[in-house]
Amino acid sequence: MDYGKLVPSESFRAAAGAPPAEPRRRWRLVLGSIAAALLIAAGAAVGVVFLVRPRAHDGGAFPKPSVAISRACASTLYPALCVSSLVEFPGAIDAPQSDLAHIAVNATLRQTARALARAAAADAPGRTDPLAQAAYEDCLELMGGAAAHLDRALAAIAAGGAADDVRTWLSAALTNHDTCAEGLAGLNPGRLKEKMEGFLEHQPEMASNSLAIFAASDAANVLNRRRRRLLAGGEFPAWVGGADRVLLESPAAAAQADIVVAKDGTGRFDSIQEAVDAAPVHSPRRFIIYVKAGRYEETVKVARKKTNLMFIGDGQGKTVVSGNLNVLDHLTTFRTATFAATGEGFMSRDMSFENTAGPAKHQAVALRVGADRSVVYRCAISGYQDTLYAHSLRQFYRDCTISGTVDFIFGNAAAVLQNCVLLARKPMGNQRNTITAQGRKDPNQNTGFSIHDSRILPAPELGQGTATFLGRPWKTYSRVVFMLSYIAGHVDPAGWLEWNGDFALDTLYYGEYMNTGPGAGVGKRVKWPGVRVITMEEEAEKFTVGRFIGGTSWLPSTGVAFVAGLT
């Protein structure tokens, strides 16, 4: 997953959703204004909740941390930074430990908003260094998303919202920072790289500390007790409501589409991106875009402000969105997606997303999703390396066919794939297939991939002699579970593949529970500390729709079939 390359053309920027040259300055001013508003909001939260001002320095030294701060920071991965960031924050010295999660998130939000404002005002490299320009624009988008996630987490803590929501948004903020840092790491040394890395300094660590403090705090336990557990029957998670169920199950032609897209001219638009651009921003209701059968050779971006958009096609292989962006053509992996969605409540049904760049072009994403409470239903997602980028937040895939070669399902979302077909395709001669590369970086992130009641099969062209593995650990705390699934004989008896030597072998979590098929035997699996055969139903239940992505509280409203538990 190389995040450092992109093409220099303006056509790429338009395709990927970045602003063209003329309005780019206006776009950066908007980001700066958003960052300023977030700083004001964070400051207001301080004024409302904590009235005590920070203590003065004594000879330049930090104030001595309180017992509460010392205890809270002891649970973090970066305790020294935790202490230094909290003792200087208004009211933290005198705050009880129960308030420190709110303070830590507030401090992290202020740091991120300040960094976003500075980054938006920085001198972009422009055409002279297209790779740096792309990484810069990626970081602005990702930092803006991180600030929004932190803002939501802060509000939820103050209002006594669901602990699962808070952990999801804090996990996503950390993932966004991490993706930004990876893009910058791929650049050659230079002034922009140095400045942006300076803006990003401490942000991932502060997000990690906030997550750890919240996870360990009494506040998390209180919020969990308050959380409503809405149980739903049928095959859909509970956050899929009745109206959305009807939309997902009814014939496409009968759906009450707000916009129709058609290649033959019978719709309002002949381009999907045009329909997305015409859709309302921050829509409180489901907005339906019906995409008639046809091959749409375009890249589509559903931005964060485009919420509750639902795309209905005429079926897999009939409504096809196709692209061929790839890293060898100087793009970041993040920007290669044929279809990218970050608007909350994104849903897609009966469509195909493909990246046709081929195995020789390496990373080439067909579908990238960073939208909370997203649903992909009865869709085909095809490519080679890095086919499906389940980037962040809560995602549900049902009755989908996903095909690829190296790391073809990757990212750091909390994602459940249920009743899906995962097809291993023929890679290049020197490659080995890996189905998953999950990117959980922090032990407190509530992320991972759960493959439930699915079929892991070889594509017809795979043939003999190509080793296929269930996954490899992209990040330190990589987490993947295969449950109650059929695993064909193309999967190597070792099951799992190392990333680089002994990296993450002690900290990953790779589980298998009651799978069947010639590739499901566990007797010859690798003996890493993090690999386990799950024997207890109670442990397997943690990775079901109802438990892992909180699906019983939001999937019913979408109308997608789901199984809340193991069966």
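This is a predicted model, so every value here is computed, not measured. Within each chain, residues carry numbers counting from 1 in the order of the written sequence. Thresholds applied to this predicted model are a pLDDT of at least 70 for local features of residues and 80 or more for the giving and counting of side-chain atom pairs; totals over whole chains, interfaces and linings are not thresholded and use all residues. Hydrogen atoms and water are omitted, and side-chain values are computed over all heavy atoms in the structure.

## Let's talk about the overall build of the protein chain
Scanning the protein chain from terminus to terminus reveals 14 helices and 26 strands. Counted over contacts in the protein chain with a minimum sequence separation of 6, partners at least 24 positions apart contribute 74%. Accessible surface for the protein chain amounts to roughly 21,200 Å². Of this, 53% is attributable to carbon and sulfur atoms. Helix and strand definitions follow DSSP, with helices as H or I runs of at least four residues and strands as E runs of at least two, each counted in order from the N terminus. We call two residues in contact whenever any of their non-hydrogen atoms come within 4.5 Å of each other. Note that accessible areas follow from Shrake-Rupley with a 1.4 Å probe, and for residues the cover is restricted to the protein chains shown.

## Section: helix α4 (residues 79–87)
Type-normalised accessible area, obtained with a 1.4 Å probe on protein chains alone, sets the label of each residue: buried when under 20%, exposed when over 50%, and partly exposed for intermediate values. By the burial criterion, the buried members of α4 are L81, C82, S85, L86 and V87. The secondary structure elements touched by the buried residues of α4 are α3 (67–73), α5 (100–120) and α9 (203–216).

## Let's talk about the state of the cysteines
Pairs of cysteine sulfur atoms within 2.5 Å are identified as disulfides in what follows. Evaluated as defined, the whole model comprises two disulfides. Here C73 pairs with C82 through a disulfide, and the sulfurs are 2.1 Å apart. Judged by the sign of its S-S torsion, about -75°, the bond between C73 and C82 is left-handed. Across the pair, C82 and C73 agree in class, each one buried. The disulfide partner of C139 is C180, and the S-S distance across this bridge is 2.1 Å.

## Some points on the nonpolar core
I272, I289, F311, F339, Y397 and L422 are the most contacted members of the largest nonpolar core, which totals 60 residues. Once residues within four sequence positions are removed from consideration, F339 is found in contact with I272, V300, V302, F311, V321, F346, F353, A366, L367 and R368. In this structure, L86, A104, L109 and V166 belong to the second largest nonpolar core, which totals 37 residues. Only buried Ala, Val, Leu, Ile, Met, Phe, Trp, Tyr and Cys residues count toward a nonpolar core, and they belong to the same one when joined by side-chain atoms within 4.5 Å.

## So, the pairing of strand β11 (residues 374–377)
The two faces of β11 match: S374 and V376 on one face and V375 and Y377 on the other face are all buried. Across three bridges, strand β8 (residues 347–349) lies against β11 in parallel orientation. Within β11, the position partnered with M347 by the bridge is V375. Only strands joined by at least two bridges in the DSSP assignment are considered to pair.

## Brief notes about the environment of A366
Looking at the secondary structure, you find A366 in the loop between β9 (352–355) and β10 (367–369). Along the primary structure A366 and A337 are separated by 29 residues, whereas in three dimensions their C-alpha atoms are 5.1 Å apart. When near neighbours in sequence (up to four residues on either side) are disregarded, A366 contacts A337, T338, F339, F353, E354, N355, I381, S382, D386 and T387.

## What about the sheet that holds strand β2 (residues 287–291)?
If you trace the eleven strands from one edge of the open sheet to the other, you get β1-β2-β5-β8-β11-β14-β17-β20-β23-β25-β26, paired in parallel fashion. Edge positions in the sheet fall to β1 (259–261) and β26 (531–533), since each of these pairs with one other strand and no more. Here the strands of the sheet are splayed against their neighbours by 10° on average, with no regard to which way each runs. Bridging between β1 and β2 involves three bridges; their strand directions are parallel. Looking at the pairing, V260 lines up with Y290 of β2. To obtain an axis, a line is fitted to C-alpha atoms, over the contacting stretch when the element is a helix, and the angle between two such axes runs from 0 to 180 degrees between their N-to-C directions.

## Some words on the confidence of the model for the protein chain
Note on scores: pLDDT gives the predictor's confidence for each residue, bounded by 0 and 100. In the predicted model, the protein chain carries a mean pLDDT of 86, and 82% of its residues have values of at least 70. Per-residue pLDDT stays below 50 along residues 1–23; that stretch engages in 68 contacts with residues further than four places along the chain or on separate chains. Scored below 50 in pLDDT, residues 226–234 shows 16 contacts in the model against residues more than four places distant or in partner chains.

## Details of the packing of aromatic side chains
For Phe, Tyr and Trp, where Trp contributes only its six-membered ring, two rings pair if their centres lie within 6.5 Å, and the inter-plane angle classes them as stacked under 30 degrees, edge-to-face over 60, or tilted in between. This structure, assessed with the given rule, holds eleven aromatic pairs. Plain terms: the ring middles of F311 and F346 are 6.0 Å apart, the flat faces sit at 55° to each other, and that makes the pair tilted. Of this pair, F311 sits in strand β5 (residues 309–312) while F346 sits in the loop between β7 (339–341) and β8, and the two are 35 residues apart along the sequence. Looking at F346, the relative accessible area reads 1%, which means it is buried. For the ring pair F339 and F346, a centre distance of 5.8 Å and an interplane angle of 35° mean the geometry is tilted. Linked through ring pairs, F311, F339, F346 and F353 together constitute an aromatic cluster. Residue placement shows R472 over the ring face of W499; its charged tip is 3.9 Å from the ring centre. The rule is short: NZ of Lys or CZ of Arg within 6 Å of the ring centre and within 35 degrees of the ring normal puts a charge over the ring.

## A short note on the environment of L497
By secondary structure assignment, the location of L497 is in the loop between β24 (486–487) and β25 (509–513). For L497 and N433, which are 64 residues apart along the polypeptide, the C-alpha to C-alpha distance reads 9.6 Å. With residues up to four places along the chain from it excluded, the contact list for L497 reads R432, T434, F469, G471, R472, P473 and W528.

## What about unusual backbone geometry?
A positive phi angle is found at H330, which is not glycine, with a value near 70°. One non-glycine residue, H362, lies in the positive phi region at around 60°. Taking relative accessible area as the criterion, H362 reaches 27% and is therefore assigned partly exposed.

## Some remarks on the sheet that holds β24
The eight strands lie next to each other as β3-β6-β9-β12-β15-β18-β21-β24, forming an open sheet whose pairing is parallel. Because the sheet does not close on itself, it has two edges, and the strands there are β3 (294–297) and β24. As judged from the four bridges shared by strand β18 (residues 421–424) and strand β21 (residues 455–458), these two strands associate in the parallel manner. Its bridge partner being in β21, L423 is matched across the sheet by L457.

## Considerations on the side chain of H177
Relative to the helices and strands, H177 resides in helix α7 (residues 163–185). Residues within four places of H177 in sequence aside, it is in contact with T112, A146, L200, Q203, P204 and A207.

## Some words on the packing of helix α6 (residues 130–159) against α7
Running from N to C, α6 and α7 point in directions that differ by 165°, and their axes come no closer than 8 Å. It follows from the interaxial angle that α6 and α7 lie roughly antiparallel. The two elements α6 and α7 meet at a crossing, and its hand is left-handed. Across the interface between the two elements, A135, C139, L142, M143, G145, A146, H149, L150, R152, A153, A156 and I157 of α6 pack against V166, W169, L170, A172, A173, N176, H177, T179, C180, G183 and L184 of α7. Counted by class, the contact of α6 with α7 contains 16 nonpolar, six polar and one charged residues. Throughout this description, any angle smaller than 35 degrees is read as roughly parallel, any larger than 145 degrees as roughly antiparallel, any in the 65 to 115 degree range as roughly perpendicular, and the remainder as oblique. Each crossing gets its hand from how the near helix is turned against the far one by less than a right angle, where anticlockwise is left-handed and clockwise is right-handed. By the convention adopted, Pro, Cys, Tyr, Trp, Phe, Met, Ile, Leu, Val and Ala count as nonpolar, Lys, Arg, Asp and Glu as charged, and the other residues, Gly among them, as polar.

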